[in-house]
Amino acid sequence: MSQPNPLLLLPTLVDDLARVEDQLRLSVQAEDPFLTEVASHLINAGGKRVRPAFSVTAAATRNPAMEPAPPEVISGAVSVELVHLGSLYHDDVMDDALTRRTVESVNARWGNLKAILAGDYLLARASEIAASLGTEVAGLLASTIARLCEGQILELQHTFNVQRSEESYLASIDGKTASLLGTACRVGGIVGDLPRPIIERLTQFGHSYGMAFQIVDDILDVVATDEELGKPSGHDLVEGVYTLPVIRVLAGGTDADRLGELLGGPLEPAGLAEARSIVRASGAVETALDTARFYADQAASALTDVTDSEAGAALVAAADHLLETVRVAAQR
Ligand code: GRG
């Protein structure tokens with residue numbers, strides 16, 4: 001579901017993100033126009049740009065005059081969004097996804113081989129830009145790519161596992177989502193030359209926000225409509241990815257046995273509808289929301305020393321806003 005980015009309340013962010021946009025497009029200009037077209041596809045399709053917004057805003061927490069972001073901060077933001085994009089290209093191949101960011105996915109349009117190569121190209125460009133920002137940023141981005149892979153492989157190991165544990169779920173989203181949001185903030189802090197204790201707090205903020213972000217995303221897959229998501233809802237259940245609300249019902253919620261019978265293998269549309277309505281009626285959506293709220297609060301409290309800046313306050317507002325996106329859908 002495409003929500004307005006609450007960080008956009010920050011006066012300088014619109015201009016800084018416009019610079020991110022220009023540099024993103026430039027960064028995927030290849031000699032071969034076809035490669036440029038494939039690598040630009042999801043950039044042109046939009047997306048919320050939460051990660052680059054976090055890099056820029058994190059750097060701005062020690063910039064009370066709200067000057068335009070220095071060029072290194074824009075580059076850091078671009079490198080983080082390129083890693084995100086590369087992961088989306090690969091993820092859509094793994095999932096056989098047909099749509100992404102409300103447009104045809106890269107794999108659906110050009111096939112898996114080209115989608116994988118273009119994803120590799122995005123990661124290579126991200127690495128090149130990160131290297132220009134120093135060894136710490138280059139190392140951080142490389143280790144974050146490894147964390148994404150670890151999180152994703154853990155998820156793959158548990159597909160169609162009706163006994164998937166909550167611990168395994170949390171470890172997976174820590175790697176596949178929270179690590180990059182933590183890194184987005186950390187890169188902003190490093191290239192913005194902020195004091196080390198502040199960099200640590202910003203990293204903690206991004207990481208906790210990322211945990212809440214993925215839980216919200218997973219709840220939306222159960223409760224939102226196709227139109228709201230801009231892609232088919234219930235996709236995780238069909239793919240055998242059992243997320244927090246589903247794990248909680250399976251672990252002993254109302255109708256756990258019936259849900260267990262339905263899941264564990266391929267789902268027909270009628271089975272999907274029944275599984276979604278069991279989860280929605282079980283109260284597990286509400287308890288999963290509580291867990292998302294826990295992480296959003298943890299994110300906000302990481303920044304207690306930083307909220308005196310406009311940028312710090314905007315980050316905390318983003319954490320609060322996150323829960324709003326799902327509450328409306330969950331109440332229907
Ligand atoms: C090679 C980097 C790399 C990774 C390989 C495929 C994979 C391992 C990891 C997948 C990681 C993944 C897709 C996690 C989900 C993250 C997530 C919440 C995506 C949606 O983010 P939004 O809502 O999307 O910010 P937009 O489109 O707005 O940017």
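Fair warning: this is a prediction, and the values are worked out from it, not measured in the lab. (Residues numbered from 1 in each chain as written. Predicted model: local features only at pLDDT ≥ 70, side-chain atom pairs only at ≥ 80, totals over all residues. Heavy atoms only, no water.)

(A) Spotlight on the environment of Asp-221. Secondary-structure assignment places Asp-221 in helix H9 (residues 196-223). Taking relative accessible area as the criterion, Asp-221 reaches 6% and is therefore assigned buried. Between the C-alpha atoms of Asp-221 and Arg-276, which are 55 residues apart in sequence, the distance is 9.3 Å. Not counting the four nearest positions on each side in its chain, Asp-221 is found in contact with Leu-229, Pro-232, Ser-233, Gly-234, His-235, Asp-236, Leu-237 and Arg-276. Within the structure, the side chain of Asp-221 is placed 3.2 Å from the backbone nitrogen of His-235, a separation counted as a polar contact. (Helix = DSSP H or I, 4+ residues; strand = E, 2+ residues; numbered from the N terminus. Buried < 20%, exposed > 50% of the residue type's maximum accessible area, 1.4 Å probe, protein only. Contact = heavy atoms within 4.5 Å. Polar contact = N/O pair within 3.5 Å; in protein donor to acceptor, adjacent residues only side chain to side chain.)

(B) Quick peek at the site of the ligand. Taken together, 18 residues form the shell around the ligand, and within it Lys-48, Arg-51, His-84, Arg-101 and Gln-214 come nearest. Arg-51 has a polar side-chain atom sitting 2.8 Å from an oxygen atom of the ligand. The separation between an oxygen atom of the ligand and a polar side-chain atom of His-84 is 2.8 Å. Taken by itself the ligand offers 750 Å² of open surface, and the protein chains cover 92% of this. Of all the secondary structure elements, the ones that give two or more residues to the shell around the ligand are helix H4 (71-95), helix H7 (135-157), helix H8 (166-191) and H9. In terms of residue class, the shell around the ligand is built from six nonpolar, seven polar and five charged. (Near = heavy atom within 4 Å. Areas by Shrake-Rupley, 256 points an atom, 1.4 Å probe, with all protein chains shown as cover. Nonpolar A, V, L, I, M, F, W, Y, C, P; charged D, E, K, R; others polar.)

(C) Spatial organisation of the packing of helix H2 (residues 33-44) against H4. Where H2 meets H4, the axes come as close as 11 Å, and the angle between the chain directions of the two elements is 105°. In this view, H2 runs roughly perpendicular relative to H4, as classed from their interaxial angle. Where H2 abuts H4, its residues Val-38, Ala-39, Ser-40, His-41, Leu-42 and Ile-43 lie against Leu-85, Leu-88 and Tyr-89. Classifying every residue of the contact of H2 with H4 gives seven nonpolar, two polar and no charged. (Axes fitted to C-alpha atoms, helices over the stretch in contact; angles between N-to-C directions. Parallel < 35°, antiparallel > 145°, perpendicular 65-115°, else oblique.)

(D) Structural context of the environment of Ala-251. Among the secondary structure elements, Ala-251 is positioned in the loop between helix H12 (244-250) and helix H13 (256-262). Among the residues examined, Ala-251 registers a relative accessible area of 68% and is labelled exposed. C-alpha separation for the pair Ala-251 and Ser-165, spaced 86 residues apart in sequence, amounts to 8.5 Å.

Just distances and angles here, no functional claims.
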